[in-house]
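So the chains spell out like this:
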Amino acid sequence: MAVSPHAFPPRKRRPSAGAFVSPKLADINLVKSLLSLSQEISSFKPFQCLLKRNSVSAINKSKLLSILFDELIKNPASVFFSPSTLLCFEEMYIVLQRIKTLLEDCSNGSKMWMLMQIQVLSNNFHELTLELSTLLDIFPFKEIELSQDVEELVVLVRKQCGKSKPVVDPGDVFLRREVLTMLDRIEKEIVPDQLKLKKVIEDLGLRDGSSCREEIESLQDEIQNQVDEKSKSDIVSLIGLVRYANCVLFGSSTASKPDHRRKKSTSDLTIPADFRCPITLELMRDPVVVATGQTYDRESINLWIESGHSTCPKTGQTLIHTNLIPNRALRNLTAMWCREQGIPFETVGNNEKVNSVKGTKAAFEATKMTVSFLVNKLSGSQTMEAANGVVYELRALSKTDSDSRACIAEAGAIPILIRYLGSSVGLEHPNLQVNAVTTILNLSILEANKTRIVETDGALNGVIEVLRSGATWEAKGNAAATIFSLSGIHAYRKGLGRKTRVIKGLLDLAQGGPTSSQKDALVAILNLAGDRETVGRLVEGGVIQMVSGVIDELPEEAVTILEAVTRRGGLAAVAAAFNIIKKLGVILREGSDNARESAAATLVTMCRKGGPEMVAELAVIPGIERIIWEVMGGGTARGRRKAATLLRILRRWAAGLDLDANNVVDSSNMVTMTVGTSRTILQA
């Protein structure tokens, strides 16, 4: 499959000076390009906060040069360049391109990081001005006919460029010193003076919560542009400072208002099965392959392994090693799909970018101060509206990194959050209930917090209550996701599986909720099905009937659960699944590779445990052997093995032989048979 380079996420690294090239145009077309470029630069607005004089100077010089190029176009007879003149104009085009790029970088990038690099950026403006001065020094006035006014204008620009010096506004220098002092004091655990903090933030043009959040996103993006670890760590410190300032200065003024500029998210679309993680059922941002050949999202499988599991979640096979191999081909295809759908693929990884950078003492202390401020404010909240704003901020903070999740739990937020999980809160303030349960979900990602949540009086019951009677589907779905997260620890999985309310709540949500909430419930059910004792309760609760109801809409998720349940559920589960055999046959024919693999594995288990009646039901499906051969010829490695075993079972049944499980083994050698051979057998 040929993939267009334009389908991938845009390049984040800024181009070097050597990366710019001239347009290789001649005469009038080159002048037109120069005019267009100089007019683009002239349309920039001067910077309001930092590097004001530098931006004004660059923009004004471009405006004057645009008059020169306009004059040349109006008098095309004079535009016949010698090689030296052509070279001068080509070099001028490159310099103007670099000026435009520098202005764009400063306009669209982080203000905090621009402040830290103020001297370097000022030098960059100065160097480009000197290069422009050199080109104007050799400008061929004698060769090109210009009016006297325009010629005097070019001379004026040349003199201005020649007299240029690196300029850094004293106010910018002072502001930079204030920020560095503030970071140093935070590192020493000294809370910043609120008035000074307000002055610094406002001088940078950050005047509300929205602009602070945009600044944080810009800083996170800036990490990609850095190559040395110190710069990356410095940016993490700045993120901590801006986040603290946002909470302290602007609170929840815009937190609970809907964002009408929200980009399209993955929840708005049906994600292709191959792009979804089998554990979370969400879009994989960093797909990796484990020892069994299955692909998972790195964060999900890491949490699974760190929870003490030594098996593949999907196949149940023991992992012979825990090395994770990046699936770059799938990542590129996922990026292409996201680009086509308008989904911000790379922004979702912002937290990963920050987490991959070594943290700083200043960043950690800023996080602690932010958490302390929010938890104290929540403890003293007088109204539900005020509490909702603070809980929203905790929710956002708990999503960022492990340090934030640890700090929030250690500050005692969990017992306070429990207050907002009740049905009475959900009825009157549904957003507050959603924010509270989602914060607990985010906190549960950290392994140590799982124990804190389970051992906090009322926390688990509160989550279960939201699962059963939450005011919104989002609340119920996030409660189900919390159950999934907590069940990552074996002891908690067994305990959750013993609770009838959990089983019923998950099954009800899987059957009656919208697609996104169904997926949250299904992944939690799949995790609970890892315990044999719980599988019995799932079967009694109607998990097979639930699977039958959703298998057409969510085939991959449903058949994966069916595989786990029939494998661990004994004859009762197999008997209950009898009526699904024909649907499994459809999935074998039409499903994704992963779905066909699970369907084949499920049918093998059912035929082995269910005896001749099960095989007979499978055998009457029209064209079943051909379907099985297709899986053997083009499915996953495990799917091919299971399909080979399934075909062997059918052949033994047709011959009237014993179907004892010990006599039916995975026939790997059958998988190696060519498609041509399979056609010959089928024709016979």
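About the thresholds
Residues numbered from 1 in each chain as written. Predicted model: local features only at pLDDT ≥ 70, side-chain atom pairs only at ≥ 80, totals over all residues. Heavy atoms only, no water. Salt bridge = Lys/Arg side-chain N within 4 Å of Asp/Glu carboxyl O. Helix = DSSP H or I, 4+ residues; strand = E, 2+ residues; numbered from the N terminus. Buried < 20%, exposed > 50% of the residue type's maximum accessible area, 1.4 Å probe, protein only. Expected span 1.5 Å × (residues − 1). Phe/Tyr/Trp six-rings, centres within 6.5 Å; stacked < 30°, edge-to-face > 60°.

**Q** How should I be thinking about the pattern of salt bridges in this particular structure?
**A** Pairing between side chains of opposite charge can happen when their charged atoms approach one another. Scanning the entire structure with this criterion turns up 28 salt bridges. As a salt-bridge pair, Lys74 and Asp70 come within 3.1 Å of each other at their nearest N and O atoms. With Lys74 and Asp70 both in helix α2 (residues 52-74) and four residues apart, this pair spans about one turn of that helix. On the basis of relative accessible area, Asp70 is assigned to the partly exposed category, the value being 28%. Its salt-bridge partner being Asp593, residue Arg596 comes within 3.5 Å of it at the nearest N-O pair. Here Asp593 and Arg596 lie together in helix α31 (residues 593-610), a separation of three residues that amounts to about one turn. Linked through salt bridges whose partners overlap, the residues forming this network are Lys494, Arg498, Asp531, Glu533 and Arg537.

**Q** What am I meant to see in helix α1 (residues 27-42) here?
**A** One full turn of an α-helix is made of 3.6 residues, so residues set three or four places apart face in the same direction. Between its first and last C-alpha atoms α1 spans 23 Å; for 16 residues at 1.5 Å apiece the expected length is 22 Å, and the two agree. Within α1 the residues assigned to the buried category are Leu30, Val31, Ser33, Leu34, Leu35, Leu37, Ser38, Ile41 and Ser42.

**Q** Just checking my understanding: could you explain the environment of Lys198 for this structure?
**A** On the secondary structure map, Lys198 appears in helix α8 (residues 194-203). Here Lys198 falls in the partly exposed class, since its relative accessible area comes to 39%. Considered as a pair, Lys198 and Leu249 are 51 residues apart in the sequence and their alpha carbons are 6.9 Å apart.

**Q** Any chance you could explain the packing of aromatic side chains here in plain terms?
**A** This model, assessed by the stated rule, comprises three aromatic pairs. Judged by centre distance (6.3 Å) and plane angle (75°), the rings of Phe69 and Phe89 are edge-to-face. One end of the pair, Phe69, is in helix α2; the other, Phe89, is in helix α3 (residues 83-108), with 20 residues separating them in the sequence. Side by side, Phe69 and Phe89 carry an identical accessibility label, which is buried. Centre to centre, the rings of Phe89 and Phe139 are 5.7 Å apart; their planes meet at 25°, and the pair counts as stacked. With Phe89 in helix α3 and Phe139 in the loop between α5 (118-137) and α6 (148-162), this residue pair connects regions lying 50 residues apart in the sequence. The buried category is assigned to Phe89, whose relative accessible area is 0%. By way of ring pairs, the aromatic residues Phe69, Phe89 and Phe139 are connected into one cluster.

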